[in-house]
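# Close look at the chain arrangement
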Amino acid sequence: RCYGLYKSSDDGKWESDDKVPFFYRDFDEESAENIRRVDSEYTKVRKALKQKFPKEDFKYMLSYMELEKLNHESSHVDILASFRDSPQLSTIKTPTVVG
């Protein structure tokens, strides 16, 4: 998310505090795509571990969306909506430095 915020800013800066996007409510497609890529890599690791250790229980090694559903009883079907529409996350402002 921080990378997406940086890319959408003017070298990590905004004109004023009210121009700074909210950390989650203003989640963008690029940030969601970054999480999708990380989740895809994690899926490969998960599959390899399950193959190497077939007797182990990896029931909590879940994809991002599976964890979202488990932890928040969410009905979201994509990463972008899971952040933008979250009542728990929507009020979190992006941390910034004044000056």
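Above this text is the structure in question.
Okay, so let's go over this structure. No experiment lies behind these values; they were computed from the predicted model shown.

## Quick notes on helix α3 (residues 64-72)
Residues of α3 that are buried include every one of Tyr64, Met65 and Glu68, and no others. End-on, the buried residues of α3 take up no more than an arc of 95°, which puts them together on one face. In this fold, the buried residues of α3 make contact with α2 (29-52) and α4 (79-84). In the stretch just after α3, Glu73 is the one whose phi turns positive, near 50°.

## What about the pattern of salt bridges?
Two side chains bearing opposite charge may form a pair once their charged atoms approach each other closely. Scanning the model with the defined rule gives seven salt bridges in all. Between Arg36 and Glu33 there is a salt bridge, with its nearest N and O atoms 3.1 Å apart. Residue Arg36 and its partner Glu33 are both found in helix α2; the two are separated by three residues, about one turn of the helix. Judged by its relative accessible area of 31%, Glu33 falls in the partly exposed class. The shortest N-O distance in the salt bridge between Lys44 and Glu41 comes to 3.9 Å. Here Lys44 and its partner Glu41 are both found in helix α2, three residues apart, which amounts to about one turn of the helix. Exposure remark for Glu41: the relative accessible area of 48% places this residue in the partly exposed category. One salt-bridge network, held together by shared partners, links Glu29, Glu33, Arg36 and Arg37.

## Side note on the environment of Lys13
With respect to the helices, strands and loops of the structure, Lys13 is situated in the loop between α1 (2-8) and α2. We classify Lys13 as exposed; its relative accessible area is 57%. Once the C-alpha coordinates of Lys13 and Ser86 are considered, the two residues, 73 residues apart in sequence, prove to be 26 Å apart.

## Some words on the layout of surface pockets
Empty pockets left among the atoms are what a rolling probe the size of a water molecule brings to light. Approximately 360 Å³ is the volume found for the largest pocket. Lining the largest pocket are 17 residues, and of these Gly12, Lys13, Trp14, Thr96 and Val97 lie nearest its centre. Considered class by class, the residues forming the lining of the largest pocket number nine nonpolar, six polar and two charged.

## Re the packing of aromatic side chains
For any pair of aromatic rings, the description consists of the separation of the ring centres together with the inter-plane angle of the planes. The final tally for this structure, using the stated rule, is four aromatic pairs. Measuring from ring centre to ring centre gives 4.8 Å for Phe23 and Tyr24, while their planes differ by 80°; the resulting arrangement is edge-to-face. Like Tyr24, Phe23 is buried. Taking 4.3 Å as the distance between ring centres and 15° as the angle between the ring planes, the aromatic pair formed by Phe27 and Phe83 counts as stacked. One end of the pair, Phe27, is in the loop between α1 and α2; the other, Phe83, is in helix α4, and 56 residues separate them in sequence. Members of the aromatic cluster, connected to one another through ring pairs, are Phe23, Tyr24, Phe27, Tyr64 and Phe83. Over the ring of Phe22 we find Arg25, and its NZ or CZ is 3.6 Å from the ring centre.

The rules behind these values
- Residues numbered from 1 in each chain as written.
- Predicted model: local features only at pLDDT ≥ 70, side-chain atom pairs only at ≥ 80, totals over all residues.
- Heavy atoms only, no water.
- Buried < 20%, exposed > 50% of the residue type's maximum accessible area, 1.4 Å probe, protein only.
- Helix = DSSP H or I, 4+ residues; strand = E, 2+ residues; numbered from the N terminus.
- Arc of directions from axis to C-beta.
- Contact = heavy atoms within 4.5 Å.
- Salt bridge = Lys/Arg side-chain N within 4 Å of Asp/Glu carboxyl O.
- 1 Å grid on protein atoms, 1.4 Å probe; cavity = no way out; pocket = protein on both sides within 12 Å on 5 of 7 lines; lining within 4 Å.
- Points joined across faces, edges and corners; volume = space filled by probe spheres on them.
- Nonpolar A, V, L, I, M, F, W, Y, C, P; charged D, E, K, R; others polar.
- Phe/Tyr/Trp six-rings, centres within 6.5 Å; stacked < 30°, edge-to-face > 60°.
- Lys NZ or Arg CZ within 6 Å of the ring centre and 35° of its normal.

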